[in-house]
Amino acid sequence: MRDHSMSHRTEIVVTSTDQLMNKGDHVSVDTNKLATSMQEEFNKLRPFSDKCSIYRVPQRLLKLNRSAYTPQVVSIGPLHHGKTELQEMEEHKKMYLQDFLKFSEVSLEDLTAFVAEKETTLRNCYAETFEKLSSEQFVKMMLLDCSFVIMVLLRTYDENIVFENIGCRNDRIFSKPWIFNDVSKDMCLLENQLPFFILEDLIKLSKIRGHTSLIKLTFVFLTRRWPSWVPQDNLEKIKFCEAEHFVAFLRICQQPAEQNQQKKIDTLSTPSAKDLHQAGVRFKLGSSKKLLDIKFDADKGTLEIPCLKIVDSTETLFRNVQAFEQCHFDCGFIGNYITMINLVVHASKDLEILARKGIIENWLRDNDALLRLLHNLSKENFVDTDDFYFSDVVEHLNKYYSRRRHKWKAALKQKYFDNPWTIISVIAAGILLLLTVIQAVCSIIQVV
């Protein structure tokens, strides 16, 4: 007799309508084999690391503008490694590794061994496992990409240092500004990042002659790439040491020195710049390079906003910092800024008011292009109304706008005192009226 209790196969009765009609049909599953297979899959799972800081951009953001997140000339790190359209720069990476070795006081074997020791930690910095990349492939990729990034930083910082150490070599990146522009932009994409700790460790290990700190190298590089974004503050005042990679560094550049006391906001809306202007709000160009330093003085009716310079690559910058915030933080102040600027900019007329004050510098083809850019950035943008950075500004603006006396005062000023000619006309009319009254009084006196 067959012992069913020792059987490794379990009969499963299928209860679909068709199979109920054919009761003789059945399927059998080897439960031991299935359980073993699933256990092997479990063993391959990698627990989410607290070191993770490099992510794929969510699909809901990618669909808005995929090109803003996708490298065009060079892959850095594993997320875009091996793409056919980016292979041309792989030879240049090898050349830069050669240059890096000439700079260094360490051999290729030692560098390779050092990176290999960090493989697990490096993999933990990414939100994906990259199982298809063997250890050898991963370490080689990291070594090439790290040396490439370090050499770009060194050449940006001081070309003379490079010349003194490795001599003159035709460099297709730095001899052609447009290529450097493309490469440097690719190096600032969220999906194209290397952990800062490995760059810093390799710089220290190599003992590069005349080198400076990674923070200083990065600061100079990003200042050249995004001059209007990177503040010229004392480096020690900004916590750049907390940056995990270039995108994190860019986010910290705009991080407020002092956190506002956020509070819940009931209505996430304000009148447009045009409506605020008609209600007497005066717009003023802020002196700070930090975009979040938006201040409203209710007593003076002055809204101070730092300059926002918009060029072709500005969308790429905003989108990648925004994506990093959404993947890595509970809330994001760059996302809050995107919302705030869209609250006051509804139409082209609003842009014109801000542009006249120097608050917005538009280097795009026209205001409509800028308007589309700002409104598209606000799509899929996360804002927590319980923790909105500009809650006080919004609340005070709405209160100011709701008072009728401000609108009446502004209407009078804008209608009769908007320019010198209208002022002269009003004064002349007043004088004429006064003379008429005096003449009438004199006539009455004479009659009496």
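Above this text you will find the structure in question.
Attention in this report is confined to the structure presented alongside it.

Conventions and cut-offs
- Residues numbered from 1 in each chain as written.
- Predicted model: local features only at pLDDT ≥ 70, side-chain atom pairs only at ≥ 80, totals over all residues.
- Heavy atoms only, no water.
- Helix = DSSP H or I, 4+ residues; strand = E, 2+ residues; numbered from the N terminus.
- Buried < 20%, exposed > 50% of the residue type's maximum accessible area, 1.4 Å probe, protein only.
- Contact = heavy atoms within 4.5 Å.
- Areas by Shrake-Rupley, 256 points an atom, 1.4 Å probe, with all protein chains shown as cover.
- Phe/Tyr/Trp six-rings, centres within 6.5 Å; stacked < 30°, edge-to-face > 60°.
- Lys NZ or Arg CZ within 6 Å of the ring centre and 35° of its normal.
- Arc of directions from axis to C-beta.
- Core = buried A, V, L, I, M, F, W, Y, C linked by side-chain atoms within 4.5 Å.
- Pairing = 2+ DSSP bridges.
- Axes fitted to C-alpha atoms, helices over the stretch in contact; angles between N-to-C directions.
- Salt bridge = Lys/Arg side-chain N within 4 Å of Asp/Glu carboxyl O.

**As for the overall build of the chain**
Inference 1: Along the chain, the regular secondary structure elements total 20 helices and 7 strands.
Inference 2: Considering the chain as a whole, with its 448 residues, one finds that 42% of them fall into the buried category.
Inference 3: The contacts of the chain with a sequence gap of at least 6 include a subset with a gap of at least 24, amounting to 73%.
Inference 4: When the accessible surface of the chain is split by element, carbon and sulfur atoms take 53% of a total near 24,900 Å².

**Observations concerning the packing of aromatic side chains**
Inference 1: Tallied over the full model, the rule gives 12 aromatic pairs.
Inference 2: With 5.6 Å between their ring centres and 85° between their planes, Phe 296 and Tyr 400 make a pair best called edge-to-face. Of this pair, Phe 296 sits in strand S4 (residues 295–297) while Tyr 400 is found in helix H18 (residues 391–402), placing the two residues 104 residues apart along the sequence.
Inference 3: Their ring planes at 15° and their centres at 6.2 Å tell us that Phe 318 and Tyr 337 sit as a pair that is stacked. Of the two residues, Phe 318 sits in helix H14 (residues 314–328) while Tyr 337 sits in helix H15 (residues 333–344), which places them 19 residues apart along the sequence.
Inference 4: Taken together, the aromatic side chains of Phe 180, Phe 196, Phe 221, Phe 246 and Phe 249 make up a single cluster linked through ring pairs.
Inference 5: Across from the ring centre of Phe 329, 3.8 Å away, lies the NZ or CZ of Arg 251, which sits over that ring.
Inference 6: The ring of Trp 363 is capped by Lys 309, whose NZ or CZ atom sits 4.6 Å from the centre of that ring.

**Considering helix H5 (residues 108–117)**
Inference 1: Buried within H5 are the following residues: Leu 111, Phe 114 and Val 115. The buried side chains of H5 occupy one side of the element, clustering within an arc of 95° when seen end-on. Among the exposed residues of H5, those pointing more than 90 degrees away from its buried face are Glu 109 and Glu 117.
Inference 2: Buried residues in H5 make contact with helix H4 (88–103), helix H6 (119–124), helix H7 (135–157) and helix H10 (196–206).

**Observations regarding H10**
Inference 1: What H10 keeps buried is the set Phe 196, Ile 198, Leu 199, Leu 202, Ile 203 and Ser 206. One side of H10 carries all its buried residues, which in axial view fall inside an arc of 170°.
Inference 2: Where H10 is buried, its residues contact H4, H5, H6, H7, helix H11 (214–225) and helix H12 (246–253).
Inference 3: Downstream of H10 by one or two residues, Lys 207 has phi in the positive range, about 55°.

**What to know about the nonpolar core**
Inference 1: Core analysis: the biggest nonpolar cluster contains 117 residues, and Phe 148, Trp 229 and Met 340 have the highest contact counts within it.
Inference 2: Among the elements that make up this core, the one with the highest residue count is H7 (14 residues).
Inference 3: Apart from the residues lying within four places of it in its own chain, the contact partners of Trp 229 are Leu 250, Cys 253, Gln 254, Leu 291, Leu 317, Phe 318 and Ile 334.

**Side note on the pairing of strand S5 (residues 302–306)**
Inference 1: Within S5, 4 of the 5 residues are buried, which leaves it mostly tucked inside the rest of the structure.
Inference 2: Strand direction decides the pairing type here: S4 and S5, joined by 3 bridges, are antiparallel. Residue pairing in the sheet places Lys 295 in a bridge with Glu 304 of S5.
Inference 3: With antiparallel pairing between neighbouring strands as the criterion, S4 and S5 make up a hairpin whose turn holds 4 residues, including Gly 301 at a positive phi of roughly 65°.

**Examining unusual backbone geometry**
Inference 1: One non-glycine residue, Phe 130, adopts positive backbone phi at about 55°.
Inference 2: Following the sequence through the fold, Phe 130 ends up in the loop between H6 and H7.
Inference 3: One non-glycine residue with positive phi stands out, namely Glu 380, at about 60°.
Inference 4: Relative to the elements of secondary structure, Glu 380 occurs in the loop between helix H17 (367–377) and H18.

**Considerations on the sheet that holds strand S3 (residues 282–286)**
Inference 1: With respect to topology, 3 strands assemble into an open sheet ordered S3-S5-S4, the strand pairing being mixed. Both outer strands of the open sheet, S3 and S4, are each paired with one neighbouring strand and no more. Here the average twist between neighbouring strands, direction ignored, is 25°.
Inference 2: Contacts between H18 and the sheet are confined to S4 and S5, with S4 contributing the most and set at about 35° to the helix.

**Observations concerning the pattern of salt bridges**
Inference 1: Following the criterion strictly, the structure yields 12 salt bridges and no others.
Inference 2: Two residues, Glu 128 and Arg 56, come together in a salt bridge whose shortest N-O distance is 2.4 Å. Taken together, the residues Glu 128 in the loop between H6 and H7 and Arg 56 in the loop between helix H2 (31–44) and helix H3 (59–62) connect sequence positions 72 residues apart.
Inference 3: Arg 56 sits in the partly exposed class, given a relative accessible area of 37%.
Inference 4: Between Arg 123 and Glu 119 there is a salt bridge, and its shortest N-O distance comes to 2.8 Å. Linking Arg 123 with Glu 119, this pair stays in helix H6, spanning 4 residues, or about one helical turn.

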